[in-house]
Each structure stands twice: as C-alpha cells, then as structure tokens.
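An overview of the molecular structure
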Amino acid sequence: MNKPSTHLPLLGFAAYSGTGKTTLLEALLPKLVNAGLKVGVLKHAHHDFDVDKPGKDSHRLRKAGASQMLISSRNRHALMTETPESEAEFDYLLTRFDSSKLDVILVEGCKNIAFPKVELHREQLSKPWLYPHDENIIAIAADSQVDTQLPQMSINDLDGICQFILNYVSEFNSSPNSSVSAQLTNDSLKTASSCCDILSPAFLSVEQGQEKILSSISAVDLEENTPIEHSYGRVLSRDITSPIHVPQYTNSAMDGFAIRSDDLTRSEYNVVAEVLAGYSYDKPLNKGEAVKIMTGAPTPCFGDTVVMREQASESGDMVTFKGATIKANQNVRQAGEDLAEGQAVFKKGTRIESPEMGMLASLGFAHCDVKKPVRVAIFSTGDEVQAPGSEQKANTIYDSNRFVLMGLLERLGCEVIDFGILEDDEQLMTRALEKSAEQADLILTSGGVSVGDADYIKLALEKLGNIDFWRINMRPGRPLAFGNISNKPFFGLPGNPVAVMVSFINFVEPAIRKMQGEENWKPLKVAAVASEPLRSRLGRTEFSRGVYSVNQSGQLVVATTGKQGSGILRSMSEANCLIEVSPAVDTVKVGESVTIIPLQGRI
C-alpha cells in the first residue's frame, strides 16, 4: 500500500452516494474531539461548489480574476484556489493541512485513491461491496454481516467506530498522544494492532523495490581503453576535456566574400584571392579588398565579416553587394566558439552514442577510456523447459526467457555468459550458481521464485548467498528475488516471458546501468491520451503493453495491444510502449491522460 504524502494517520470513509458518509462523520467528530484528537477533514465533491457568498468582498475579488483568494479574520482564515485547468491531486491537497496542529486526517470520498479506508455499507441501497476489489479497505461498518476477515462494526455503533479510529491513530503513532492513549485499554490496543497488520502487507511498491536494489549496487571498477569506432553504447570512465579550440580557427559560416568590418560602406571591392576549405589566405586583408571564401575555410587576418554569395554581384576581379544589409562580424564562427581548449566536454558516466562518437573524433581522440562490459550469467530452470530446435516432448515448453534476456542484455552492451537450461536438481543448480558467481559480475535467472514453485533454486540460493524473495505490487511481474552470491548481485525473475521483460525493464536495467557507471539514469516517461478505457487495481502498479501514435490533432494517443496475459509474448513484440497506471488509479477513461514508457531502444 502506498503512503500518501503526510506523516499523519490518514483514514478514509468509502461508500456509495446515499450511504450517509457526511452524517456519520458529523456524529463522530464531537466524540473524537472529546477524546482529545485534533481532526482534519478532507471532503471530495464530484460536483461544482462554492464556499463563498455572492456579494461578499472575497467573492467579488475572486470573480474579478484572483486565482487564489486568502481571507482572514480573528477566528479563522481560508484559502480559495481556482483550478480550471485540472483538479488538484490528492497528495497535494494533503500538504495544505497544517500537520503540526492535527492528530489525524479523515477523508470523505476519494474511494478510487489508494490509502487506508473504512467501507460504509447499507443493505437497502442494494449497492455492491467495495472491499473485494480494494486492498486499501481495512475495516467495514455496515448494517449487515459479511464473510470476510476484515474487522466489522455496526454502522449505527458510533462508539465502536470512534474506538476503532482511536485505536488506529494510537497504533499508527510511535509515541501516541497522551490524551488519546488514556482512552485505550490493553484489549483495544490489541485490536488496533491487528488492524495495522492489515496496513502492512508483504508487498513492495515498484519504487521501493528499485530503491532497495540501487542502494546495494555499485559500479564495476574495471575499465579499458577502446577505439572510438568500437565505443558505441559504452560508458565513459573518465572525464573528457577538449585538447583544442572548436573551431580550431576563425572560419566562414557560409560561402561568400570576406571583408573588413571597418570597411563596410564601400561600393565595390577588389577580389584578391579565393579560399577553399582546407586552405587559407595568409596575407592581411587591406581596405577595399575581399576574399572569395567557402564554408569552413579560415578567414584572413582582418577579414572578420562574410557577405553571403547570394547577395554578391561579381564582375571580373570586382564584387559589389548592392541592397545587402551588412553587419560587422556576421557569418563568422570564432575560434573556440563551441569549445575552448581545456573546457569540459563529457563527464564520466556518460553513455556514448552517435553524437558523442562524432564529438570525440572531432576533438582528435582515436581512443577513449570506458567501463568494461558488465558480464551477466544467465540460465533458465525447470524440467519442463526445453531448448528450441529440438523435437518438443510432452508436457514441456520451449525456452524463450533466456533469449529474451540475451537480447535485452546485448542492447545494454553486456557480455552474456549463457549457462543454458538447468534441471530441477539442487546440486546441479548449486554448482552452476557457484560457477556463475566466479565468472560474472551479475547473475540472472527466470522462474522458480514464486510462492508454490519447487524449492530447488531457492534451496541452492539460500546455501550460497543472501537472497530476499519479494512480492512487488505490480502486474505483470509480482514475484522477484534479489540479493547476492559471493558479493555478486543476483536477480531471480518470474517465469512468464512478459513478466520477465517488464521486471527486467523496471529492476534489472537500472541496476546494470549503475554497474556500467552511468549516473542518474531515468527512463523516459511521457503523457499520452487513452483511446480506450484501462482498468487496474487500486494499490498496484499496472503495466499494459501499448501502441502509441500521433492523431490528426497532433496529440500523442495510446491503446493496448489487446489481451494482456503475462504469457502472451506476442503482445510485447507488437508493443512500442508500456502503459503505466499508478497505484492510486483504478480506471482510466477514454480521453484521460496516462503515463507511457516508450520501448524503442530498450527491447
């Protein structure tokens, strides 16, 4: 469960319209205040509203154009903010509270946002239950009983609901407020504890998993000197400074005629020379003289202004520039204009691509110092996995994951050490893991890390290293193992091929880039408009395979590739992006904005 941006206990009341959320809160607040709590309330309205009175000064000033209106008196103050572009986000609204003066924030509404909630339910409304589809509901207050392990209270038992909130606040705080703790008995503390167990499921968010992994990863120390022509995709291990001026000499920015800037008003000039790129006119340029010059050729001494050839009229050895507006120093590139000698060009940790290769070559570098390729050992596990190219046996599948990983690793410039397919044999796996730790910088497997999987790989890992088996709050790719074997990072990815790719993109790729020495890398994420409805589960990050395009209005739009099962590898082949739906969203409607992660250059 994601924690919103507040250190205060936060508790919502989720229900359909007509259940009586406001009436219940109105009755609860006096009881909570009498118990010593200072309560903030956030109410979400689906309709337009105005807290101001027409005719009052503040209302008149708002209507006159004030986007924010702060009104204050002796007893209270209020800030009214106009948000015509888009509705304020939930996390931002929480920051508007003065948390130093509150013990708890209660929320009415916002049932589609991921944070702890109590579901309110009345049978007479004939509405479906919310809790089966919302992992963030921690208790139920209803006028009927339901078959669930969640704590249940009567919606009409105000004292019981009040006590539940007091228990929740007390357990949330490491040092409960004395005025609150005085209300609690040992039994009620036990009840609160059981509630808070629900608030701490054994899941990590995608961000938490990434942070844990990256905090334990270090760059590989080894480096090598490589020719520029073989440097594509490598990461610089040392800073690059320019050994020369760029340009090395003052030169013409276009084809034309070089003249003196202190001699611009003359009606005609005597052409004394023609200078091609790679040559020069070594005499000082006198007044009344011009040099015909090509783009990139060095300008002559005092010839600091170039007139375009299209603005010139030649007649024998004379040239005129009738009608041309000439400015001093125009169309001339100064020596060192792009880079001065000794100036920083690239920092270590920069990944070399085509522009960097060209830049290094333009500075005269034939070689550069780069990090050595990260060596990655890979293997697939399981008796049911069979090598492609052989006749398929009964009850087996062809191994695709290993080849998926080979492609992903090659794209990142890694050196792949392929251990093939390992049978379900603990000794065999143990020897393979030992050998891979000796030969590789990182070890990568797929399959065998889910709850219920055969324990061969798990037993081998526990013997050799320190491995954590995580459940990540994402789909696809929930199971993930991470740790180290002989101080070499180990990743155990899920068994389904799409889950392998999504997990690699989110967890393995950032780790490898850090090992390669690439600093502060972040994946490209952009907003696109959904052209079809998207569904997710609150509290979980959903990665759908998508295809983005630009519509006739120039908008970036995206749709899914169709069926999204984690075993449908074709969906990844058809996709050009991942659609990321955050844990705070359960539905994206057509026309709403959604985040996409372009995949070009990554898979």
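Preceding block: the structure.
Notes on the structure in this doc start here. Predicted, not measured: the structure shown is a model, and the values here were computed from it.

Here T226 is to be found in strand β9 (residues 223–227). On the accessibility criterion, T226 (8% relative accessible area) is buried. Not counting residues up to four positions away in its chain, the partners in contact with T226 are S231, R234, A366, H367, C368 and V370.

Counted by the stated rule, this structure contains seven aromatic pairs. Measuring from ring centre to ring centre gives 6.4 Å for Y168 and F172, while their planes differ by 45°; the resulting arrangement is tilted. Here Y168 and its partner F172 are both found in helix α4 (residues 158–172), four residues apart, which amounts to about one turn of the helix. One aromatic cluster is present, built from ring pairs that chain together F257, Y269 and F321. Sitting over the face of the ring of F115, K117 holds its NZ or CZ atom 4.9 Å from the ring centroid. In this arrangement the basic side chain of K127 is found over the ring face of Y16, its NZ or CZ atom lying 5.6 Å from the centre.

Further remarks concern the pattern of salt bridges. One pass over the full model with this rule turns up 22 salt bridges. The salt bridge partner of R234 is E224, with a shortest N-O separation of 2.5 Å. Of this pair, R234 sits in the loop between β9 and β10 (240–241) while E224 is found in strand β9, placing the two residues 10 residues apart along the sequence. Take E224: its relative accessible area is 28%, and that puts it in the partly exposed class. Note that R513 is salt-bridged to E509, the shortest N-O span being 2.9 Å. A residue pair is termed a helical-turn pair when its members lie 3 or 4 positions apart in one helix, as R513 and E509 do in helix α12 (residues 497–515) at four residues.

Attention now goes to the packing of helix α7 (residues 206–215) against α12. Packing of α7 against α12 leaves a shortest axis separation of 10 Å and a crossing angle of 30°. By the angle between their axes, α7 is roughly parallel relative to α12. Considering only the axes of α7 and α12, their crossing is right-handed. In contact with V206, G209, Q210, I213 and L214 of α7, α12 contributes N506, F507, P510, A511 and K514. A class-by-class count of the residues in the contact of α7 with α12 yields six nonpolar, three polar and one charged.

It is worth spelling out the state of the cysteines at this point. Disulfide: a covalent bond connecting the sulfur atoms of a pair of cysteines. If you walk through the whole model with that rule in mind, you get zero disulfides. A disulfide-free cysteine, C368 has its sulfur positioned 18 Å from the sulfur of C414, the nearest such atom. Of the residues examined, C368 reaches a relative accessible area of 3% and is grouped as buried.

Another aspect to go through is a negative patch on the surface. Negative charge collects at one region of the surface, where D383, E384, E423 and D425 lie side by side. Within the secondary structure, D425 sits in the loop between β24 (415–422) and α10 (426–439).

Moving on, we get to helix α9 (residues 401–411). Along α9, the positions that sit buried rather than exposed are N401, R402, V404, L405, L408 and L409. The arc enclosing the buried residues of α9, seen along the axis, measures out at 155°, which places them on a common side. Positioned one or two residues after α9, G413 has a phi angle of 80°, which is positive.

The next point concerns the sheet that holds strand β8 (residues 152–154). In spatial order, the strands read β2-β5-β1-β6-β7-β8; together these six strands make up an open sheet with parallel pairing. Here the strands that pair on one side only, and so sit at the sheet edges, are β2 (39–43) and β8. Neighbouring strand axes in the sheet, compared pairwise and without regard to direction, differ in orientation by 25° on average. Those strands touched by helix α1 (residues 21–34) are β1 (10–14), β2, β5 (104–108) and β6 (117–121), and its axis lies near 165° from that of β5.

Spatial strand order, β15-β12-β14-β13-β17-β16: six strands in an open sheet with mixed pairing. The open sheet terminates on both sides in strands that have one partner only, identified here as β15 (305–308) and β16 (313–315). The average angle at which neighbouring strand axes cross in this sheet is 40°, direction not considered. In this sheet, strand β14 (residues 289–293) lies alongside strand β12 (residues 256–259) in antiparallel orientation, the contact comprising three bridges. When the sheet's bridge partners are listed, A258 is paired in β14 with V291.

A regular strand carries its side chains on alternate faces of the sheet. Among the five residues of strand β25 (residues 442–446), five are classified as buried, and the element is accordingly described as predominantly covered. Every second residue of β25 is oriented toward a common face, with L442, L444 and S446 on one face and I443 and T445 on the other, all of them buried. In the sheet, strand β21 (residues 375–381) pairs with β25 via five bridges, with the strands oriented parallel. Its bridge partner lying in β25, S380 is registered against S446. Of the strand pairs in this sheet, β25 and strand β29 (residues 488–493) are connected by four bridges, and their pairing is parallel. The residue of β29 that forms the bridge with L444 is F491.

Conventions used here
Residues numbered from 1 in each chain as written. Predicted model: local features only at pLDDT ≥ 70, side-chain atom pairs only at ≥ 80, totals over all residues. Heavy atoms only, no water. Helix = DSSP H or I, 4+ residues; strand = E, 2+ residues; numbered from the N terminus. Buried < 20%, exposed > 50% of the residue type's maximum accessible area, 1.4 Å probe, protein only. Contact = heavy atoms within 4.5 Å. Phe/Tyr/Trp six-rings, centres within 6.5 Å; stacked < 30°, edge-to-face > 60°. Lys NZ or Arg CZ within 6 Å of the ring centre and 35° of its normal. Salt bridge = Lys/Arg side-chain N within 4 Å of Asp/Glu carboxyl O. Axes fitted to C-alpha atoms, helices over the stretch in contact; angles between N-to-C directions. Parallel < 35°, antiparallel > 145°, perpendicular 65-115°, else oblique. Left-handed = near helix turned anticlockwise from the far one by under 90°. Nonpolar A, V, L, I, M, F, W, Y, C, P; charged D, E, K, R; others polar. Disulfide = S-S within 2.5 Å. Patch = residues over 30% accessible without salt bridge, like charges linked within 9 Å, V, L, I, M, F, W, Y side chains within 5 Å. Areas by Shrake-Rupley, 256 points an atom, 1.4 Å probe, with all protein chains shown as cover. Lys, Arg positive; Asp, Glu negative; His and termini not counted. Charge placed at Lys NZ, Arg CZ, Asp CG, Glu CD. Arc of directions from axis to C-beta. Pairing = 2+ DSSP bridges.

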